[in-house]
Amino acid sequence: TAATTTTSHSNPFPRKLMEMLKKEDPSVVSWLPRGDAFTVRNPDRFVMDVLPKYFRHTKLTSFQRQLNLYGFRRVIKGPDAGAYRHELFHRDHPEKC
């Protein structure tokens with residue numbers, strides 16, 4: 001239906017992000033063990049090898065700005081510090097994004 005088509009194309013950034021986290025080397029970018037946040041483990045390789053495959057921008061700051069626009073928040077304290085989290089973005093629930 002038209003509604004389904006519109007919905008499936010409404011949030012390309014979160015869908016690309018989900019695809020990236022499924023396919024890319026976990027030593028570069030990966031989910032945290034609980035699947036409720038992700039982290040960039042190797043910023044240099046992320047910018048050189050991963051970002052260009054999925055997004056037009058190739059700067060980490062542009063990627064971070066995009067995350068902020070979509071409501072992702074950076075974890076600033078605790079063992080997950082530096083990771084990015086969004087309440088509707090979860091490894092085990094890709095249909096929510």
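The structure under discussion appears in the preceding block.
Residues numbered from 1 in each chain as written. Predicted model: local features only at pLDDT ≥ 70, side-chain atom pairs only at ≥ 80, totals over all residues. Heavy atoms only, no water.

Draft legend 1. Geometry of the overall build of the chain. A tally of regular secondary structure across the chain gives 4 helices and 4 strands. Counting across all 97 residues of the chain, residues that qualify as buried make up 37%. A separation threshold of at least 6 residues defines the contact pool for the chain, and within that pool the share at least 24 residues apart is 46%. As displayed, the chain has an accessible area near 6200 Å², and 54% of this comes from carbon and sulfur atoms. (Helix = DSSP H or I, 4+ residues; strand = E, 2+ residues; numbered from the N terminus. Buried < 20%, exposed > 50% of the residue type's maximum accessible area, 1.4 Å probe, protein only. Contact = heavy atoms within 4.5 Å. Areas by Shrake-Rupley, 256 points an atom, 1.4 Å probe, with all protein chains shown as cover.)

Draft legend 2. Representation of helix 3 (residues 43-54) within the structure. Between its first and last C-alpha, helix 3 extends 15 Å over 12 residues, near the 16 Å set by a 1.5 Å rise per residue. Of the residues making up helix 3, those classed as buried are Phe46, Val50, Leu51 and Tyr54. One side of helix 3 holds all its buried residues, which, seen down the axis, span an arc of 100 degrees. Seen from the open side of helix 3, the exposed residues pointing more than 90 degrees away from its buried face are Asp44 and Met48. (Expected span 1.5 Å × (residues − 1). Arc of directions from axis to C-beta.)

Draft legend 3. Fine view of the nonpolar core. Ranked by size, the top nonpolar core spans 20 residues in total, and within it Leu17, Met20, Phe38, Phe46 and Phe63 carry the most contacts. Only helix 2 (12-23), strand 1 (29-31), strand 2 (37-40), helix 3 and helix 4 (60-69) provide two or more residues apiece to this core. With 5 residues, helix 2 is the largest single contributor of residues to this core. (Core = buried A, V, L, I, M, F, W, Y, C linked by side-chain atoms within 4.5 Å.)

Draft legend 4. The sheet that holds strand 2, seen in detail. Strand order in the open sheet made by the 4 strands is 1-2-4-3, with antiparallel pairing throughout. At either end of the open sheet lies a strand with only one pairing partner, and these are strand 1 and strand 3 (73-74). In this structure, strand 1 lies alongside strand 2, joined through 3 bridges in antiparallel fashion. Following the sheet pairing, serine 30 is matched in strand 2 by threonine 39. (Pairing = 2+ DSSP bridges.)

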